[in-house]
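Topology and contacts: notes
Next come the chains, spelled out residue by residue.
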Amino acid sequence: MDKRVSLAKRRGYVFQSSEIYGGLGSVWDYGPLGVELKKNIKERWWRSMVHERHDIEGLDAAILMHPKVWEASGHVAGFTDPLVDCKQCKNRFRADDPKIKGTPGQPDAQCPVCGSKGTLTAPRQFNLMFKTFMGPVEEQAAVIYLRPETAQGIYVNYLNVLQSSRQKIPFGIAQIGKAFRNEITPGNFIFRTREFEQMEMQFFVKPGTETEWFEFWRGERMKWVEGLGVRAEKLRWHQHGKDELAHYATDAYDIQYEFPFGWQEFEGIHNRTDFDLSNHQKHAGKKLDYLDPKTNERFVPYVVETSAGADRTTLVVLCDAYREEAVRGDEAAEGGEQRVVLKLKPSLAPLKAAVFPLVNKDGMPELAHRIHDDLRRHFNVFYDDGGSIGRRYRRQDEAGTPFGITIDGQSTQDQTVTVRDRDTLKQDRVAAGKLVEYLTQKLAG
Ligand code: GAP
């Protein structure tokens, strides 16, 4: 994992937030390449959910919501972790921290930091929502929360979307946006952070049909994840046991990836029943039921949710693409016998190609700039004339750039260039005028 984290920093994927001040705990910033990769993943998700389906609409709800939303949703009462404090050293732990010896609150319990015995308090529930104040007064009445999931913005807008889009049940609403959780045990780079982005879709169905839709969405989501180019053997399902289910769910399956730190979830499919809509109906005093035009029946829809983390999915893609390889032949002579390469699916790669004049003379830079200018109207491409060609290839291998375009002596004679494939290291000679077509074809999918 350390190697992946240091590559992410070196190549401009991910930086620690506020690094010059020593960083802010478990908050991260996306650099020039990271923002592109994450954007490509989000766009792919949006396309598959909203553009390619007739039965899902998009939404972008605000992060700040009426505080009663979180009472109705159960987050004020139930979105908590049990914590214990050490009265001696003042450190705080999750009650189930395996480093704690004994039973917290009892004389036998030993603090894992200072080693004192009998100083750990009994567990207390700690809410994971970030609180802030709205308006100029800092008093209880002005407390609002940063949303801990985007889903609630969808539920409170479900009738607005239904009516304005003239959809009929079954239909869904999709949203991508930030969520915030004051996690007690964050960590593993961008895996568990306090500020993160979710890609969530809530599918509203007639009660009694939810199991069928749940299975349908499980199938769709696994296909989508495999479409990111992630190796199938690194993916598996995990069904939640009774003690793992969130307060709103009656059934839940996670898609897990085998990270360098073990198998962990990055997306969940949840049967949320009518839990959220019924509670909003009660708390808001507004009817949220649906009149089925075919049968004239009224019902509160059930919800099947697909909930993916944009950052965690980005981490899956980054971890899965990372390879260290032995190199042979000309490339080994030029750039060394080992290379680190991000084998990102070309359509997800931040940079699609890099343009290299072999040397900075004999008309090569002029032609290379012309090609770069032409290509950048179609793709995100990079220009690099620094160092040996072998070194330049290696830098782009680490960045995950699928194609390297070199302008050499022959290019200025016949207007052809070489295109090096990041994965096979094979080179094709391509007419400069055909590059857009060539790359378009290679980047499809
Ligand atoms: N609306 C349902 C929901 O929020 P969740 O299982 O709590 O369900 C869904 O979260 C996804 O959001 C997770 O699978 C994960 O990818 C992402 N996620 C949750 N907490 C996160 C955190 N602290 N840091 C990064 N991603 C997180």
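About the thresholds
- Residues numbered from 1 in each chain as written.
- Predicted model: local features only at pLDDT ≥ 70, side-chain atom pairs only at ≥ 80, totals over all residues.
- Heavy atoms only, no water.
- Buried < 20%, exposed > 50% of the residue type's maximum accessible area, 1.4 Å probe, protein only.
- Helix = DSSP H or I, 4+ residues; strand = E, 2+ residues; numbered from the N terminus.
- Pairing = 2+ DSSP bridges.
- Domains from an automatic or database assignment.
- Contact = heavy atoms within 4.5 Å.
- Buried area = accessible area lost by both parts, 1.4 Å probe.
- Salt bridge = Lys/Arg side-chain N within 4 Å of Asp/Glu carboxyl O.
- Near = heavy atom within 4 Å.
- Polar contact = N/O pair within 3.5 Å; in protein donor to acceptor, adjacent residues only side chain to side chain.
- Axes fitted to C-alpha atoms, helices over the stretch in contact; angles between N-to-C directions.

1. Describing the pairing of strand β9 (residues 171–180)
The buried fraction of β9 amounts to nine of the ten residues, a majority that puts the element mostly inside the structure. Of the strand pairs in this sheet, strand β3 (residues 56–58) and β9 are connected by three bridges, and their pairing is parallel. When the bridges of β9 are listed, Gly58 appears paired with Ala174.

2. Focus on the domain arrangement of the chain
We note that the domain assignment places domain 1 (2–69 + 141–318) and domain 2 (339–443) within the chain. Relative to domain 2, the C-alpha centre of domain 1 lies at a distance of 37 Å. In this assembly, 15 residues from domain 1 lie in contact with 14 residues from domain 2. Here domain 1 packs against domain 2, burying approximately 1200 Å² in sum over the two surfaces, 61% of which is carbon and sulfur. Here domain 1 and domain 2 share two salt bridges between them. With its nearest N and O atoms 2.9 Å apart, the salt bridge here joins Glu398 to Arg11.

3. Describing the site of the ligand
Close contacts around the ligand come from 19 residues, with Glu149, Thr193, Glu200, Glu265 and Glu305 the closest. Contacts to the ligand include Tyr248, whose side-chain N or O atom sits 3.4 Å from an oxygen atom. Here a nitrogen atom of the ligand and a side-chain polar atom of Arg272 are 3.4 Å apart. Within the residue set of the shell around the ligand, elements represented by two or more residues are β10 (195–205), β13 (262–273) and β16 (302–309). Among the elements that make up the shell around the ligand, the one with the highest residue count is β13 (five residues).

4. Some remarks on the sheet that holds strand β4 (residues 80–85)
Strand order in the open sheet formed by three strands is β5-β4-β6, with antiparallel pairing between adjacent strands. The open sheet has two free edges, formed respectively by β5 (92–94) and β6 (124–127), since each of these has just one partner strand. Across this sheet, the average inter-strand angle for adjacent strands is 50°, counted without regard to direction. Sheet analysis places β4 next to β6, joined by four bridges and oriented antiparallel. Looking across to β6, one finds that Pro82 is bridged to Gln125.

5. So, the sheet that holds β16
Taken together, seven strands build an open sheet; the order of strands is β3-β9-β10-β16-β13-β12-β11 and the sheet is mixed. Looking at strand neighbours, the two that pair on one side only are β3 and β11 (235–239), the edges of this open sheet. For this sheet, the mean inter-axis angle between neighbouring strands, taken without regard to orientation, is 25°. In the sheet, β9 pairs with β10 via ten bridges, with the strands oriented antiparallel. Residue pairing across strands places Ile176 opposite Met199, the latter belonging to β10. Those strands touched by helix α2 (residues 32–51) are β3, β9, β10 and β16, and its axis lies near 160° from that of β9.

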